[in-house]
Amino acid sequence: MKDRHWRTGYRVGGYEVWGTSLDSEERRRHAPYAEPADIGLYLDERWRGETDARTPHFVFWPTLEAPVERSLLVRRIKEAAAALENGATVEVACFGGHGRTGTVLCCLDIVLGGTTAHAALERIRREYCHYAVGSADLQHFLFDVEKELVPPRAPEPLRAGEAC
């Protein structure tokens, strides 16, 4: 059986994010007594009524597929990154805590850690869970969305004497 996650810490940039699976036995035992996350990004409809965050956000995203609500997801990832920068605790969760959760953790690593999608994918599997981002659709999405997550770089100013 795959491992299940309940507030498995994962560092992105200088911040820690929690990865959680809905079907974690540990979550069922401890969540009622734990301090809730400030922000929760829930990637499975089964979380409705089960959230562990003060401010829950839901994005419809079928298991192991590319997200249906892509623009909403990208916006929520950027909001979660800003919340982390402002000192909030953030939980990312799907049903198993591997595929969709791992993909969003990679996206946060791209935004806050300044890494590439390829490096984020290698790292998430090494440091969080080797099942993370576990389908070709999720990997394709991760590599495709990278350009939307990285702010465009301003062109270098011309130096004196350089031509356009």
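See the structure above.
Residues numbered from 1 in each chain as written. Predicted model: local features only at pLDDT ≥ 70, side-chain atom pairs only at ≥ 80, totals over all residues. Heavy atoms only, no water.

(A) Spotlight on the packing of aromatic side chains. Overall, the coordinates contain 4 aromatic pairs when judged by the stated rule. Both rings, one in Y42 and one in W47, keep their centres 4.8 Å apart while their planes meet at 40°; by these two values the pair is tilted. Neither Y42 nor W47 differs from the other in exposure class; each is buried. Taken together, a centroid distance of 5.7 Å and an interplanar angle of 35° make the contact between Y42 and F58 tilted. Separated by 16 residues along the polypeptide, Y42 in strand β3 (residues 37-42) and F58 in strand β4 (residues 53-58) bring together distant segments of the chain. Residue Y42 shares its accessibility class with F58, and that shared class is buried. In textbook terms, an aromatic cluster arises when at least three aromatic residues are bridged by ring pairs, as seen for Y42, W47 and F58. The side chain of R46 reaches across the aromatic face of F95, ending 4.0 Å from its centre. Over the ring of F58 we find R48; its NZ or CZ atom is 4.0 Å from the centre of that ring. (Phe/Tyr/Trp six-rings, centres within 6.5 Å; stacked < 30°, edge-to-face > 60°. Buried < 20%, exposed > 50% of the residue type's maximum accessible area, 1.4 Å probe, protein only. Helix = DSSP H or I, 4+ residues; strand = E, 2+ residues; numbered from the N terminus. Lys NZ or Arg CZ within 6 Å of the ring centre and 35° of its normal.)

(B) Quick peek at the pattern of salt bridges. The final tally for this structure, using the stated rule, is 13 salt bridges. Across the salt bridge formed by R100 and D44, the nearest N and O atoms sit 2.9 Å from each other. Taken together, the residues span a long stretch of sequence, with R100 in helix α3 (residues 99-113) and D44 in the loop between β3 and β4 at a distance of 56 residues. Between R123 and D109 there is a salt bridge; the shortest N-O distance is 2.7 Å. Separated by 14 residues along the polypeptide, R123 in helix α4 (residues 117-127) and D109 in helix α3 bring together distant segments of the chain. Residue class for R123 comes out buried when judged on its relative accessible area of 17%. Salt bridges linked by common partners bring R70, D144, K147 and E148 together as one network. (Salt bridge = Lys/Arg side-chain N within 4 Å of Asp/Glu carboxyl O.)

(C) Representation of unusual backbone geometry within the structure. A positive phi angle, close to 60°, is found at L64, a residue other than glycine. Structurally, the position occupied by L64 is in the loop between β4 and α2 (70-85). Even without glycine at this site, V133 takes up a positive phi of about 50°. Inspection of the secondary structure puts V133 in the loop between α4 and α5 (136-149).

(D) View of the packing of α4 against α5. One can describe the packing of α4 onto α5 by two numbers: an axis separation of 9 Å at closest approach and a directional angle of 140°. When the axis of α4 is compared with that of α5, the two are oblique. Side by side, α4 and α5 meet where A117, H118, L121 and R125 of the first sit next to Q139, L142, F143 and E146 of the second. In terms of residue class, the contact of α4 with α5 is built from 4 nonpolar, 2 polar and 2 charged. (Axes fitted to C-alpha atoms, helices over the stretch in contact; angles between N-to-C directions. Parallel < 35°, antiparallel > 145°, perpendicular 65-115°, else oblique. Contact = heavy atoms within 4.5 Å. Nonpolar A, V, L, I, M, F, W, Y, C, P; charged D, E, K, R; others polar.)

(E) Structural view of the environment of T115. Positionally, T115 belongs in the loop between α3 and α4. Considering only alpha carbons, one finds T115 and E146, 31 residues apart in sequence, at a separation of 9.7 Å. Not counting the four nearest positions on each side in its chain, T115 is found in contact with D109, I110, A120 and E146.

(F) Broad picture of α3. Spanning 15 residues, α3 covers 20 Å between terminal C-alpha atoms, matching the ideal 21 Å at 1.5 Å per step. Burial within α3 is extensive, with 13 of its 15 residues counted as buried. Positive phi appears at G114, one or two residues downstream of α3, with a value of about 70°. (Expected span 1.5 Å × (residues − 1).)

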